[in-house]
Every structure is written in structure tokens, then in C-alpha cells.
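Residue strings, one per chain:
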Amino acid sequence: MSDASINTSVQPQEAGFGDYFALLKPRVMSLVVFTAMVGLLAAPVAVHPMVAFASILFIAVGGGASGALNMWWDADIDAVMKRTQSRPIPAGKVTRDEAFAIGITLSVFACVMLALAANIFAGALLAFTIFFYVVIYTMWLKRWTPQNIVIGGAAGAFPPMIGWAVATGGVSVESVLMFTLTFMWTPPHFWALCLFMKSDYKDAGVPMLHVTNGRRSTRNHILVYTVLLAIVAVGMAFTGVGGPIYLAVALILNGLFIAGAISIWCRNEDVSEADGYKREKSFFGLSLLYLFLHFGAILVEATLAPYGLGGW
Amino acid sequence: MSFREDHELHKRRLGRNVGLALVLAGFIAIVFGLTVVKVTRGDYEPENARIQN
């Protein structure tokens, strides 16, 4: 068989390794890895480094697998939205069937391996997280209700609980609070993005809040959720995972976040349009830093605890 | 005799195969490491053997 015959028998868009990796949503995976790691390290039970490393890796693979299944189901709307047009399926590099096969295989693999490496409860919680993200959020809520991101945000909030479960084998008030922090953070983070994504979601027929209730209502919602988030975030400082360092970080960040939400609330579309949604974009950027630094502060408190410095 | 340059397709396939090989090698290393940790910790010993020790 000659090279020429090989070239004519294959697709010109044959995928490379990086295309399959992109199916796992590496940027989302980095958030999953970080929050799961903090949940694991903040727990009051020590975990062997090898078990901890393997567990975080399997949680990341599970998170990535749910991303692949999300891309499989949402391939039609990903092709319409500018933000997602370069994803492997709409770009024609990976087929939907391949994404489905990879997503299902990695989901089962990650849950079974986590159950074997850590404990059955952690594996089951990872399975529930994947189910919640793929079935409850992607298949059901996303195209049905403007509250999609509020309820669906729970899926992204589970990783610190799974990390905690790896160490303790269960759930506690602290792990639920870490869940609540991410859960309350997701709506203002996502709605800020929606404000400057213009008509992407409308074109795709996804009933995001700004599409169904208008941009004024979205700005109101951002402010209300930011205030509720601040109460949860600052309140966490007085629990087992908090401490003076966390309190200082939470006070500064929540002050900035509320100020950002108020400035978004005070603006209208004309003002935002005039400066290219500058405030909305900076609020979105701050939201990324917000979550990273809150979990970073929890990690610092947990790291200092053995030396008698962390916590109250 | 000069070797022909690889087609871009072959390079991509090679990258995919090397990537998969590295992932599998990493998986074997992780399972081996986990097994060593669990065996040395005595996770697989029967309950009564642990009490006797």
C-alpha cells in the first residue's frame, strides 16, 4: 500500500492527542483540581501523598469526562456560539460518537479508580457529580430554565466535597460550606460573562437569565447573589476551615466584589456598550481571583494548623 | 537515497500514539504506587491479623 492510498482513505481533519485532551475542558479541570485539593488538605484526617495524588487525578479525570459528555450533548449549540465554535466537535476534529465514547469510558474509569484508591463514598460522590452535570444540568436544565446556572452550578461545587470525602470518607459542615461557597459564586460569575457575550446564548436558543428576563434583571440578580455570597464567604471564617488569614482575605475580596456588583447594577446597556463592557469584564476577572484566593486562604489555614498558627 | 518527509497526518498519528503510551505508562505507575502504599500500610490484611500484630 502506498502513501497515496493512505492519504485518500482517511479524514483530512483526523484528531491529534491535544484535540482529545481539549474535550476534557482543561481550564475547568484546573478549578476542579484546585478546589478538590483544598478540600482534601483542609480535612482533619491525614492522607498518604500517593493516595492524595491519585485521588485528585481521578477526580480531575471524572471532571474532564463530564466535560466531554457536555460537548457531546451540546455540539449543536456549541457550533452556533462564537465562544465555543473552536471546540473539537464543532471544529470538525473529533466526532460526537468519539466524544461520547471517551466521556462514558473515562467517567466509569474515574469513579471506579477513585473508589479503589480512596473509598467507595468518594467514588459514589464523583459519580453523582458527573450525573448532575451531564443529566441534570446539560440535558435538562440548560435549555429549559433561566435558573439553569443557579441549580447546575452545584455540579462545579462538588469537587471540594469529594476531596474532603477522600480524606474522611463522609460529609461534614465544613465540606458543605466549601460546596456552598462555590455554589453561590457561580451565578454572579456566569451572569457577568453573559452580559458581555452579547447575543451568543440568544442565537443558540439557550434561556439564560439575560435572554429571558432582560439585562436589567440580570444586573439585579448579580447584586443580590453577590451580597448572599459575601454572607456565606465571611461566615465561613468562623468555622473549622476558617481563621484570621481567611477572614482578612474574605473581607477584602467581598468588599471589592460587592463594589463591583454595585457598579454593574448602577450601569445601563448604553453606558456598558460605550466602554465595551469594561466593568462587567473586570468583575468577571475578579470573580476568578475571588474563588482562587478564598480556597487559597483555606489552604493556608490548613497548612499552618499543625504549627499552631492556622485557625482560631 | 533521501528519506521522504512525513506527511502531517503521520506526525499527528505519532503524537496521538505517543500521548496514549505516556498516559498508559503513567496509569501503570500510579496503580503500582497505590498498591505499594496499600500493601505496606496493611490495608489488605484480614481484620484478625491486624489485631494480632
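Residues numbered from 1 in each chain as written. Chains lettered and ligands numbered in written order. Predicted model: local features only at pLDDT ≥ 70, side-chain atom pairs only at ≥ 80, totals over all residues. Heavy atoms only, no water.

Under an unreviewed UniProt entry, the name given to chain B is Cytochrome C oxidase assembly protein, and the source organism is Shimia gijangensis.

The name given to chain A in an unreviewed UniProt entry is Protoheme IX farnesyltransferase, and the organism recorded there is Shimia gijangensis. Reading the Function (unreviewed entry) entry of the UniProt record for chain A gives the comment "Converts heme B (protoheme IX) to heme O by substitution of the vinyl group on carbon 2 of heme B porphyrin ring with a hydroxyethyl farnesyl side group." Database annotation for chain A, UniProt heading Subunit (unreviewed entry): "Interacts with CtaA." (UniProt positions renumbered as here; feature names shortened; annotations may be inferred.)

Trainee: Sorry if this is basic, but what is going on with the packing of helix α3 (residues 26-42) of chain A against helix α9 (residues 159-168) of chain A here?
Mentor: The description of two packed helices rests on the angle between their axes and on the distance between the axes. Residues and elements named next belong to chain A. The N-to-C vectors of α3 and α9 enclose an angle of 35 degrees; their axes lie 7 Å apart at closest approach. Crossing hand, α3 versus α9: right-handed. The segment α3 lies against α9, with Val-32, Thr-35, Ala-36, Gly-39, Leu-40 and Ala-42 engaging Pro-159, Pro-160, Gly-163, Trp-164, Val-166 and Ala-167. (Axes fitted to C-alpha atoms, helices over the stretch in contact; angles between N-to-C directions. Helix = DSSP H or I, 4+ residues; strand = E, 2+ residues; numbered from the N terminus. Left-handed = near helix turned anticlockwise from the far one by under 90°. Contact = heavy atoms within 4.5 Å.)

Trainee: How should I be thinking about the domain arrangement of chain A in this particular structure?
Mentor: Residues and elements named next belong to chain A. By domain assignment, chain A separates into domain 1 (17-170) and domain 2 (172-312). Domain 1 and domain 2 are separated by 21 Å when their C-alpha centres are compared. The interface is formed by 32 residues belonging to domain 1 together with 33 residues belonging to domain 2. Interface area for domain 1 against domain 2, summed over the two sides, is near 2700 Å², with a carbon-plus-sulfur share of 78%. Viewed at the interface, domain 2 and domain 1 are joined by zero salt bridges. Viewed at the interface, domain 2 and domain 1 are joined by four residue pairs in polar contact (both at pLDDT 80 or more). (Domains from an automatic or database assignment. Buried area = accessible area lost by both parts, 1.4 Å probe. Salt bridge = Lys/Arg side-chain N within 4 Å of Asp/Glu carboxyl O. Polar contact = N/O pair within 3.5 Å; in protein donor to acceptor, adjacent residues only side chain to side chain.)

Trainee: How do you make sense of the pattern of salt bridges when you look at a structure like this?
Mentor: Side chains that carry opposite charge are capable of pairing whenever their charged atoms lie near each other. With the rule as written, the count across this model stands at 13 salt bridges over all chains. The closest approach of N and O atoms between Asp-76 of chain A and Arg-143 of chain A, which form a salt bridge, is 2.9 Å. Linking Asp-76 of chain A in helix α5 (residues 75-78) with Arg-143 of chain A in the loop between α7 (120-141) and α8 (148-157), this pair joins segments that are 67 residues apart in sequence. Residue Asp-76 of chain A is classed as partly exposed on the basis of its relative accessible area, which comes to 45%. A salt bridge links Lys-38 of chain B to Asp-43 of chain B; the shortest N-O distance between them is 3.8 Å. Residue Lys-38 of chain B is classed as buried on the basis of its relative accessible area of 7%. A residue is classified by how much of its surface remains accessible, and Asp-43 of chain B, at 30% relative accessible area, is partly exposed. Each of the salt bridges in this network shares a partner with another, and the network as a whole consists of Arg-215, Arg-219, Arg-267, Glu-269, Asp-275 and Glu-280 of chain A. (Buried < 20%, exposed > 50% of the residue type's maximum accessible area, 1.4 Å probe, protein only.)

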